[in-house]
Amino acid sequence: MKDIALYHGDRQGWVEVITGVMFSGKSEEMIRRVRRALIARRRVQVFKSDLDDRYAGVGRISSHDGSGVDAVPVRSSFEIAELVHPDTQVVAIDEVQFLDDGIVEVVEALADHGVRVIMAGTDMDFRGLPFGAMGGILATAESVDKLFAICVVCGNPATRNQRLVDGRPAPAESPTIQVGGAEEYEARCRRCHEVPAEDRAQTSLLDALASDPTDPLVLTHESLRVPPARSRPISR
Ligand SMILES: [Zn+2]
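A few points on the structure. Numbers given for residues are sequential positions, taken from 1 along each chain in its written order. The model is predicted, so local features are restricted to residues of pLDDT at least 70 and side-chain atom pairs to those at 80 or more, both for listing and for counting; the totals for chains, interfaces and linings are taken over all residues.

**So, the overall build of the chain**
Where we set the bar: Put simply, DSSP H or I for four residues or longer makes a helix, DSSP E for two residues or longer makes a strand, and each gets a number counted from the N terminus. Labels follow a simple rule on C-beta atoms placed from the backbone: if 20 or more others lie within 10 Å of a residue's own, it is buried; if 12 or fewer, it is exposed; otherwise it is partly exposed. What counts as a contact is two residues whose backbone-derived C-beta atoms lie within 7 Å of each other.
Each helix and strand counted, the chain has six helices and 13 strands in total. The buried share of the chain, reckoned over its 236 residues, is 31%. Counting only contacts in the chain whose residues sit at least 6 apart along the sequence, the fraction spanning at least 24 positions is 74%.

Put into structure tokens, the structure is as follows:
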């Protein structure tokens, strides 16, 4: 795996993210990396947002296959900053999308102090928009692995979290985080992902895409045959 190839040295700070849709195996991959760090005799601290208690309750990161590692539940990024021991070499954070925006600064500071930080979290909310601080996390990390699941509708690679309430797609107006709600989630592809919304901005954008472009510069295979001297300048 590339995290072995790129991460070297005892005190080389580093931020890596395991992201993607729900049911794509993010927790399994995080558990694998944590176990491997423990085998390498690294001192590891594992945290998870206390909003997530889907599988084993607070205090453990569990995967669908039943494996797991113990984790300290946290409510905020500041708690992580307070709880990391000076001798810790590896910090792992699961369900990181639930934490506040301050997490970007906290993990940057940890990496600057020589800590290897491993985070796992879903990158998009149920609407298909960046989830919480994930945009900043993904932009500042050294390494990003984006995992796919399988679309339950069509079987293609799934990248979206489909929220269902009473078996129906949840409207875009519903809250991003519904704690203890009766909703269910499915992994779906872009085409099968449904978010009923009365979003005017989105509608006008779709109208613009559907209308005739006024000055198209559309490249096709034929464009390759035009000699450079006669090709149309892109700008002046
Ligand atoms: Zn699909």
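**With respect to the nonpolar core**
Convention followed: Joined through C-beta atoms within 7 Å, a set of buried Ala, Val, Leu, Ile, Met, Phe, Trp, Tyr and Cys residues constitutes a nonpolar core.
In terms of nonpolar packing, the biggest core is built from 36 residues, with Met 30, Ile 103, Val 107, Val 117, Met 119 and Ile 137 touching the most fellow members. Those elements giving two or more residues to this core turn out to be β1 (14-20), α2 (26-39), β6 (90-94), α4 (103-112), β7 (116-121) and α5 (134-140). By residue number, the principal contributor to this core is α4, which donates six residues. If near-sequence neighbours (up to four positions away) are discounted, Ile 137 is found in contact with Val 17, Val 96, Ile 103, Val 104 and Met 119.

**Looking at unusual backbone geometry**
Positive phi is not limited to glycine here, since Glu 95 has a value of about 55°. For Glu 95, the location among the structural elements is in the loop between β6 and α4. Looking at Glu 95, the number of C-beta atoms within 10 Å reads 24, which means it is buried. Notably, Asp 166 is not glycine yet its phi reads approximately 50°, a positive angle. Mapped onto the elements, Asp 166 comes out in the loop between β11 (160-165) and β12 (168-169).

**Thoughts on the pairing of strand β2 (residues 44-49)**
Sheet faces and side chains relate simply in a regular strand, where the side chains alternate between the two faces. Put simply, the test is: Should DSSP find at least two bridges between two strands, the strands are taken to pair.
In this structure, β2 lies alongside β6, joined through five bridges in parallel fashion. Looking at β6, one finds that Phe 47 is bridged to Ile 93. With three bridges connecting them, β2 and strand β5 (residues 72-74) associate as parallel partners. Looking across to β5, one finds that Lys 48 is bridged to Pro 73.

**Here's the deal with the sheet that holds strand β8 (residues 143-147)**
Cut-off, in case you're wondering: Here the axes come from fitting lines to C-alpha atoms, over the contacting stretch only for helices, and the angles between their N-to-C directions go from 0 to 180 degrees.
The six strands lie next to each other as β5-β2-β6-β7-β1-β8, forming an open sheet whose pairing is parallel. Two strands lie at the open edges of the sheet, namely β5 and β8, each paired on one side alone. Across the sheet, the mean angle from the axis of one strand to that of its neighbour is 20°, orientation sign disregarded. Along the sheet, α4 makes contact with β1, β6 and β7, crossing β7 at roughly 150°.

**What about the environment of His 193?**
Within the secondary structure layout, His 193 lies in the loop between β13 (184-188) and α6 (200-210). Under the C-beta neighbour-count criterion, His 193 is labelled buried, with 22 such atoms within 10 Å. Sequence separation between His 193 and Phe 126 is 67 residues, and the spatial gap between their C-alpha atoms is 9.0 Å. Excluding residues within four positions of it along the chain, His 193 makes contact with Gly 128, Arg 160, Gln 162 and Arg 188.

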